[in-house]
Amino acid sequence: MTEIRRIAVVGGGGQMGNGIGQVAAVAGFDVTLLDVDRDATDRGLARIDKSLARLVKRGDLTEDERDRARARITTGTGLDAAAEADHVIEAIVEDLAAKQETFARLDGICQPEVIFASNTSQFPISAIGRASGRADRVIGTHWFNPPPIMRLIEVVRGLETSDQTLATVLDLAGRFGKQTIVCHKDTAGFVTSRLIMALILEAMRLAEEGVADVADINKAAVLGFNHAMGPLDTVDLGGLDTFIKASASMTEAYGERFRSPQIVRTLVNAGHYGWKTGRGFSDRGTAE
Ligand code: NAD
């Protein structure tokens, strides 16, 4: 088993990808952020710079640690630069066919022993593994938003995922400074997406029925249940476009209870994807 030194993050310009890349760089790994074009990787780097600056300001990182972490990050477009990676973390759009195609291509680019991890929120890892040609070395590592702050990685075994792959990824998560839970059965939505989507969907229905306003629905979860964020703020942060895709596939797996209500479909139809576009259930300017 090769020692993991360089990690490629595919979709590294996106919301999750840049945060995952940042965590890995701060933990001492060399990181290659890969995305579709230069604009995307520049966006990712700009977010990392902002986030690292915040950590320095809060005293969580010294300026020297920031500079060293930043120097470990390189970028690339396309997938070819993944050839140098000892581990790949995929965080592209939540689209099963796109993920399968990416993993199939990566199989031809990366060394055979390289483990592929997907940050999918709910797709079966076995379906991604099958497309990769190396199902025993494919696993789900489901990070939370924003990755530098959130403490958990949900690790998901596909049917063929080997014990060695699981052990390597659990060890890696520890080196990233994260806690883990293991989802042993490769079922849609794993543990955490089933839990959070149930809450978010009920919050959307409450808003749609006019039972309470959005601010109070969020406040109920924060003050009543001690959640760090309300469910509608959570989905505004994560992206309504991503949510709708996840909900469609969860509906396929579990039925009507996961179907997106009209209120969120209308926002997405109008191009309001949450804070990343400036507007969702509430307006917050553009997300960091
Ligand atoms: P995003 O849209 O912010 O980022 C996706 C990135 O992938 C973009 O930069 C895009 O250009 C890039 N991309 C798309 N297709 C690509 C390809 N073929 N090759 C390389 N790059 C490609 O999305 P996100 O919110 O960061 O979500 C990414 C993944 O993480 C999804 O699977 C999502 O379900 C999962 N996830 C998201 C959250 C969240 O809160 N947003 C939380 C946990 C998991």
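How each quantity is defined
- Residues numbered from 1 in each chain as written.
- Predicted model: local features only at pLDDT ≥ 70, side-chain atom pairs only at ≥ 80, totals over all residues.
- Heavy atoms only, no water.
- Helix = DSSP H or I, 4+ residues; strand = E, 2+ residues; numbered from the N terminus.
- Rg over C-alpha atoms; globule rule 2.2 N^0.38 Å.
- Buried < 20%, exposed > 50% of the residue type's maximum accessible area, 1.4 Å probe, protein only.
- Contact = heavy atoms within 4.5 Å.
- Areas by Shrake-Rupley, 256 points an atom, 1.4 Å probe, with all protein chains shown as cover.
- Lys, Arg positive; Asp, Glu negative; His and termini not counted.
- Charge placed at Lys NZ, Arg CZ, Asp CG, Glu CD.
- Domains from an automatic or database assignment.
- Buried area = accessible area lost by both parts, 1.4 Å probe.
- Salt bridge = Lys/Arg side-chain N within 4 Å of Asp/Glu carboxyl O.
- Polar contact = N/O pair within 3.5 Å; in protein donor to acceptor, adjacent residues only side chain to side chain.
- Nonpolar A, V, L, I, M, F, W, Y, C, P; charged D, E, K, R; others polar.
- Core = buried A, V, L, I, M, F, W, Y, C linked by side-chain atoms within 4.5 Å.
- Expected span 1.5 Å × (residues − 1).
- Arc of directions from axis to C-beta.
- Near = heavy atom within 4 Å.
- Pairing = 2+ DSSP bridges.
- Axes fitted to C-alpha atoms, helices over the stretch in contact; angles between N-to-C directions.

**Quick word on the overall build of the protein**
Here is step 1 of the chain: Looking only at helices and strands, the protein has eleven helices and eight strands in total.
Here is step 2 of the chain: Relative to the globule expectation of 19 Å for 288 residues, the C-alpha radius of gyration of the protein, 19 Å, shows essentially globular dimensions.
Here is step 3 of the chain: With the C-alpha coordinates of the protein rotated into their principal frame, the extents come out at 55 × 45 × 35 Å.
Here is step 4 of the chain: Here the protein holds 288 residues, and 48% of them are scored as buried.
Here is step 5 of the chain: Taking as baseline every contact in the protein between residues at least 6 positions apart, the subset at least 24 positions apart corresponds to 68%.
Here is step 6 of the chain: When the accessible surface of the protein is totalled, it reaches about 13400 Å², and 51% of it is carbon and sulfur.
Here is step 7 of the chain: On the protein, the mean spot of the 33 positive side-chain charges and the mean spot of the 39 negative ones are 2 Å from each other.

**Digging into the domain arrangement of the protein**
Quite often, the size of an interface is put as the accessible area lost when its parts meet.
Here is step 1 of the chain: Domain boundaries assigned for the protein yield domain 1 (6-183) and domain 2 (193-269).
Here is step 2 of the chain: Between the C-alpha centres of domain 1 and domain 2 there is a distance of 26 Å.
Here is step 3 of the chain: Facing seven residues of domain 1, the contacting portion of domain 2 comprises eight residues.
Here is step 4 of the chain: Between domain 1 and domain 2, roughly 660 Å² of surface is buried when both sides are summed, and carbon and sulfur atoms account for 52% of that area.
Here is step 5 of the chain: The interface formed by domain 1 and domain 2 holds zero salt bridges in total.
Here is step 6 of the chain: Inspection of the domain 1/domain 2 interface yields three residue pairs in polar contact (both at pLDDT 80 or more).
Here is step 7 of the chain: Among the residues forming the side of domain 1 that touches domain 2, the class breakdown is one nonpolar, five polar and one charged.

**Let's talk about the nonpolar core**
Here is step 1 of the chain: In terms of nonpolar packing, the biggest core is built from 32 residues, with Ile7, Trp143 and Phe176 touching the most fellow members.
Here is step 2 of the chain: Broken down by secondary-structure element, the contributors of at least two residues to this core are β1 (6-10), α1 (15-26), β2 (30-35), α2 (38-57), β5 (115-118), β6 (138-143), β7 (152-157) and α6 (163-175).
Here is step 3 of the chain: When residues no more than four places from it in sequence are discounted, the contact partners of Phe176 are Ile7, Val23, Ala24, Ala27, Phe29, Ile89, Trp143 and Ile153.
Here is step 4 of the chain: Of all hydrophobic cores here, the second largest spans 21 residues; its members include Met197, Leu232, Met250 and Leu267.

**Brief notes about the pattern of salt bridges**
Here is step 1 of the chain: Enumeration over the complete set of coordinates arrives at 16 salt bridges.
Here is step 2 of the chain: Among the salt bridges present, the one from Asp42 reaches Arg38, with a minimum N-O distance of 3.4 Å. Of the two residues, Asp42 and Arg38 both sit in helix α2, four residues apart, roughly one turn of that helix.
Here is step 3 of the chain: Since its relative accessible area comes to 35%, Asp42 is described here as partly exposed.
Here is step 4 of the chain: Here the salt bridges share partners, and the residues they tie into one network are Glu90, Glu94 and Lys99.

**Section: helix α4 (residues 96-109)**
Here is step 1 of the chain: In this model, α4 (14 residues) spans 20 Å end to end at C-alpha, consistent with the 20 Å of a helix rising 1.5 Å per residue.
Here is step 2 of the chain: Within α4, the full set of buried residues consists of Lys99, Gln100, Thr102, Phe103 and Leu106. Along the long axis of α4, the arc covered by the buried residues comes to 165°, so they all point the same way. Away from its buried face, by an angle of more than 90 degrees, α4 presents the exposed residues Ala97, Glu101 and Gly108.
Here is step 3 of the chain: Buried residues in α4 make contact with β1, β4 (87-90), β5 and α5 (125-132).
Here is step 4 of the chain: Regarding α4, its N-cap is Asp95, as a side-chain oxygen of that residue lies 3.0 Å from the backbone nitrogen of Ala97 further along.

**A look at the site of the ligand**
Here is step 1 of the chain: Surveying the vicinity of the ligand reveals 22 residues, the closest of which are Met16, Asp35, Glu94, Lys99 and Ser121.
Here is step 2 of the chain: Here Gly14 contributes a backbone N or O atom positioned 3.2 Å from an oxygen atom of the ligand.
Here is step 3 of the chain: A distance of 2.4 Å separates an oxygen atom of the ligand from a polar side-chain atom of Glu94.
Here is step 4 of the chain: Going through the elements one at a time, α1, α4 and β6 are the ones with two or more residues in the shell around the ligand.
Here is step 5 of the chain: Of the residues contributing to the shell around the ligand, the split by class is seven nonpolar, twelve polar and three charged.

**Description of the sheet that holds β4**
Here is step 1 of the chain: Strands sit in the order β3-β2-β1-β4-β5-β6-β7-β8 across an open sheet of eight strands; the sheet is mixed. Strands at the two margins of the open sheet, each flanked by one partner only, are β3 (73-77) and β8 (179-183). Across the sheet, the axes of successive neighbouring strands diverge by a mean angle of 25°, strand direction being ignored.
Here is step 2 of the chain: Sheet analysis places β5 next to β6, joined by three bridges and oriented parallel. Paired with Ala117 across the bridge in β6 is Ile139.
Here is step 3 of the chain: Contacting β5, β6 and β7, α5 runs over the sheet at an angle of about 135° to β6.

**Here we look at the environment of Asp49**
Here is step 1 of the chain: Looking at where Asp49 falls in the secondary structure, it is placed in helix α2.
Here is step 2 of the chain: Remark: the alpha-carbon pair of Asp49 and Asp233, spanning 184 residues in sequence, is separated by 24 Å.

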